[in-house]
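Spelled out from the first residue to the last, the chains are:
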Amino acid sequence: WMGVSAADGLSVVSLNQTLVNVNGGQVFGVANGAGPLIEAQWTSACGGALLAVGQGSLTVNLPGPSNANLVVPVTTLTSPSDLAFVSGVPSETTLTVSLQYPSGPQAMTFDSRTVYDLSQVNGLFNLSTSSDGLSKLITANPGVNGTGVLIVRFTHVALTAQVSITVVATLGLSLVANPLPAYSGSTQVSVQKLSLIAQTGSYQRARLRLYLLLTDGSSRDVSFSGLTQFSVTGTVFTISSGVLQRRAPTLSGWAIVSAMYNSVAASNTLNMTLSSSPVYVQSITGVSVGGGLNSLVGLRLATFTTSVDVTFTDGTQ
């Protein structure tokens, strides 16, 4: 009997790579099975002649996975041709599949035993591989919207995983005017009239907002996008950085406000009125000093800012 090692020209290869892998002389189980799974080959160091061959029988009995993991970072997509894509909704996302074993997760995204079931995607998206071959991609199809389900199965274990993907499309653009300065809940208040504030000579202002409405019932605020444009007719109002305010010396009147996003017009316009009939303070709802700290700490004769929260007779604050 004589021991032979790799230094003597011995190599070990797998006869069934779906069950075992061989790396550096070490044998690794891949899946359960039994039989002549490995072969030892002894070749001569001089000339490489094959001196001997022998097969070895193995039984592979691996612990099964406890669960399947399907990771999709983004579950809302849109077509690249849709206005929602311009606003930042992606058209594709990656997916990663793994099986959780006692020793840790095993990557299965590109494993031949992984089955991607597209029977419930409803034609909304498709699967592909990235150009570098490193990622599996989910890509939204054009001209459709709704929710589809991607199911992942495996040929060697009875586990499944699934994810719901929603493909959205643009319904339209909605233009609104909110009170300014902003306060808690002011984005839910729409104004159509800006009035004189008591006898101060100052008028109320409004923040113009433009929302992209999507088919899943959600919306995206594109008010501050560089692709958004607000405009107003006549000389009653002026717009600066999305703020609608009186154009002096006008005392009253009305105008139409409109908006566009990426050259697409909003579905509505606003009929805005400037009124010289004043609103008055109905109640004082809060007072804060020193930036809300309500304490005066500093040098003698130092100045501090005082803020007063009020509610006007028209319900705005």
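Residues numbered from 1 in each chain as written. Predicted model: local features only at pLDDT ≥ 70, side-chain atom pairs only at ≥ 80, totals over all residues. Heavy atoms only, no water.

1. A few points about the overall build of the chain
Move 1: Helix and strand content of the chain: 1 helix and 26 strands.
Move 2: Against the globule reference of 20 Å for 317 residues, the chain gives a C-alpha radius of gyration of 35 Å, more extended than a compact globule.
Move 3: Expressed as lengths along the three principal axes of its C-alpha atoms, the size of the chain is roughly 110 × 60 × 40 Å.
Move 4: A total of 317 residues make up the chain; the buried ones form 36% of that total.
Move 5: Taking all contacts inside the chain whose residues are at least 6 apart in sequence as the whole, residues at least 24 apart take part in 56%.
Move 6: When the accessible surface of the chain is totalled, it reaches about 17,800 Å², and 53% of it is carbon and sulfur. (Helix = DSSP H or I, 4+ residues; strand = E, 2+ residues; numbered from the N terminus. Rg over C-alpha atoms; globule rule 2.2 N^0.38 Å. Buried < 20%, exposed > 50% of the residue type's maximum accessible area, 1.4 Å probe, protein only. Contact = heavy atoms within 4.5 Å. Areas by Shrake-Rupley, 256 points an atom, 1.4 Å probe, with all protein chains shown as cover.)

2. Some thoughts on unusual backbone geometry
Move 1: The omega torsion of the bond from Leu180 to Pro181 falls at 5 degrees, within 30 degrees of zero and hence cis.
Move 2: Structurally, Pro181 is set in the loop between β15 (170–180) and β16 (193–197).
Move 3: In this structure, Ala198 is a non-glycine residue whose phi angle is positive, near 50 degrees.
Move 4: Along the chain, the position of Ala198 falls in the loop between β16 and β17 (205–214).
Move 5: Positive phi, normally seen in glycine, also occurs at Ser263, with a value near 70 degrees.
Move 6: Mapping Ser263 onto the fold places it in the loop between β22 (253–261) and β23 (264–265).
Move 7: Judged by relative accessible area, which is 65%, Ser263 ranks as exposed.

3. Some points on the sheet that holds strand β4 (residues 33–43)
Move 1: In space, the 3 strands of this open sheet follow the order β1-β4-β5, with antiparallel pairing throughout. Strands at the two margins of the open sheet, each flanked by one partner only, are β1 (10–14) and β5 (50–60). The average angle at which neighbouring strand axes cross in this sheet is 25 degrees, direction not considered.
Move 2: Relative to β4, β1 runs antiparallel, the two being bridged by 5 bridges. Across the sheet, the residue bridging to Leu10 is Trp42, located in β4. (Pairing = 2+ DSSP bridges. Axes fitted to C-alpha atoms, helices over the stretch in contact; angles between N-to-C directions.)

4. Examining the pattern of salt bridges
Any two side chains of opposite charge can pair, given that their charged atoms come close.
Move 1: Taken as a whole, this structure holds 3 salt bridges when the rule is applied.
Move 2: The salt bridge partner of Asp117 is Arg153, with a shortest N-O separation of 3.0 Å. Residue Asp117 is located in strand β10 (residues 114–120), and its partner Arg153 is located in strand β13 (residues 146–154); the two are separated by 36 residues in the primary sequence.
Move 3: Judged by its relative accessible area of 35%, Arg153 is partly exposed.
Move 4: Between Arg209 and Asp221 there is a salt bridge, and its shortest N-O distance comes to 2.7 Å. (Salt bridge = Lys/Arg side-chain N within 4 Å of Asp/Glu carboxyl O.)

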